[in-house]
Structures are given as C-alpha cells and as structure tokens.
Amino acid sequence: MKPAHLAHPGPSATQSAPISDRHRHTTGKYGSIIALLMLFTVGSACADLKAESDVQRGRYLIQVSGCNDCHTPGYMETDGKVDEKLWLTGSQLGWRGPWGTTYASNLRLVVQNLTEQQWLSHARGPWRPPMPWFNLRKMRDEDLMAIFRYIRHLGPSGAPAPLYLPPDQMPKMPYAQFPGAVP
Ligand code: HEC
C-alpha cells in the first residue's frame, strides 16, 4: 500500500494553490504601492539634483560672466580672492561718467524681493553703465534662472549699495572716472 501522502495529493497540496494565489495578489498590491513610493523618491531625488545642479551652474556662470568683478567688493583688486560669503553683496566703488555715478547693486538683497519671472526682466535692464545688461539679454532663460537660484541660495547679506548720483553731484567716496565730459 502506498503511503498516504502519495496516494492522495493531500489537503496541503490542493490548499497551497489558493494560498500562493492570495500571496501573489498581496505582493502585487504592495508591489505597486512600493513601486509608486520608489517613483516619488526617485522623482524628488531628481528634483533635488536639478536644484543642486542649477545652483552649481549659477555659481559657475557668475564667475565666468564677470558679475563678481563689479558686484563683489574688492574682487577685481584681489584677483578674485574674496570669501564666497561676500560675493555679490554690492560695491562702494562709484562708476562716474556722463550718466552720473552708479554703484554695483547688492544682488544678495535685490533677489530677495523678486520672483523668478521678475528677475528675468529685471536683470535684462536697461541699466546705466557700466552694467552690461545687454549681455544678459543674450543669456538663455535657464542660465539666468540658475544665476538667480545661486544668489538666492547664498542668502541675503550686507547693506544696499550707495544710491545713484546724477551727473551734477560729486561722489563723496572713491570712484572710477570714465572718459567723456560729465556735464
Ligand atoms: C562692469 C561692472 C558690472 C558688471 C561686470 C556687472 N554689473 Fe550688474 N550692475 C553694475 C552697476 C554699476 C549697476 C547699477 C546700474 C544702475 O544704477 O543703473 C548694476 C546693476 C545690476 C542689476 C540691477 C539691480 C538693482 O539695483 O535692482 C542687476 C540685476 C545686475 N546688475 C546683475 C548683474 C549680473 C547677473 C552680472 C553678471 C552677469 C552683472 N550684473 C555684471 C555693474 C556691473
């Protein structure tokens, strides 16, 4: 006589199908939730990476397009050896010419009051010399936006630059004189 377990498939064999079936369904349900969660995680990690790369790109663009030269105190005079904490905090050096006397603004404060869209038109001027606003008109939106995000990332710092002076007023602080008659 055959052992009982060989003669009959036995209850465990027949019952195992529904159990593993149920198991499969459960895995399927949780599986899709897990997959969804992973998608969110990957999605937000991608967004973080994008924000991070925007900031890094903005930092790079600031350096190579010369914004620090005028907007960071002492940057040109020290071959760029200025602590990043002071970058773009504006300058007390006046630029005097037929347009009057201008001062490179404290961009760390300026960006605090602007939305991304406002920044795009704000940065593209027109402004008075020697601000090269016409170059920013050639810059792609995403590059200019990266600059904005970088400056925002640095956070507000410093005091506003001195106010613009009309041509008939003599600056009290040091200034660079451009050629051309000052009326
Ligand atoms: C040669 C000097 C110089 C360089 C280089 C320069 N700027 Fe300026 N920038 C100025 C001056 C001066 C002003 C003030 C102009 C005025 O009073 O009309 C100014 C004004 C601005 C303003 C207007 C801010 C406000 O007061 O609301 C923005 C925005 C700006 N600059 C962004 C930049 C960016 C971004 C770069 C780099 C791509 C840059 N500037 C490069 C000198 C410069």
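Notes on the structure in this doc start here. (Residues numbered from 1 in each chain as written. Predicted model: local features only at pLDDT ≥ 70, side-chain atom pairs only at ≥ 80, totals over all residues.)

### Things to note about unusual backbone geometry
Argument step 1. The peptide bond linking glycine 125 to proline 126 adopts the cis configuration, its omega dihedral lying at 10°.
Argument step 2. Take proline 126: it is sitting in the loop between α5 (116-123) and α6 (133-138).
Argument step 3. You will see that aspartate 79, though not glycine, has its phi angle at about 55°, which is positive.
Argument step 4. If you trace the backbone, aspartate 79 turns up in the loop between α3 (67-71) and β1 (94-97).
Argument step 5. According to the C-beta neighbour criterion, aspartate 79 is exposed, with 7 such atoms within 10 Å.
Argument step 6. Of note in the backbone geometry, leucine 88 takes a positive phi value of approximately 65° without being a glycine.
Argument step 7. One can find leucine 88 in the loop between α3 and β1. (Helix = DSSP H or I, 4+ residues; strand = E, 2+ residues; numbered from the N terminus. Buried ≥ 20, exposed ≤ 12 C-beta atoms within 10 Å, placed from the backbone.)

### Here's the deal with the packing of α5 against helix α7 (residues 141-154)
Argument step 1. Direction vectors running N to C along α5 and α7 enclose 105°, while the axes themselves pass 10 Å from each other. Compared by their axis directions, α5 and α7 come out roughly perpendicular. Every residue of α7 that contacts α5 at Glu116, Trp119, Leu120 and Ala123 is listed here: Asp141, Leu144, Met145 and Phe148.
Argument step 2. Considered class by class, the residues forming the contact of α5 with α7 number six nonpolar, no polar and two charged. (Axes fitted to C-alpha atoms, helices over the stretch in contact; angles between N-to-C directions. Parallel < 35°, antiparallel > 145°, perpendicular 65-115°, else oblique. Contact = placed C-beta atoms within 7 Å. Nonpolar A, V, L, I, M, F, W, Y, C, P; charged D, E, K, R; others polar.)

### Notes on α7
Argument step 1. Here α7 contains 14 residues, and its C-alpha end-to-end distance of 20 Å stays within 8% of the 20 Å for a straight helix at 1.5 Å per residue.
Argument step 2. Looking one or two places after α7, you find glycine 155, whose phi comes out positive at around 85°. (Expected span 1.5 Å × (residues − 1).)

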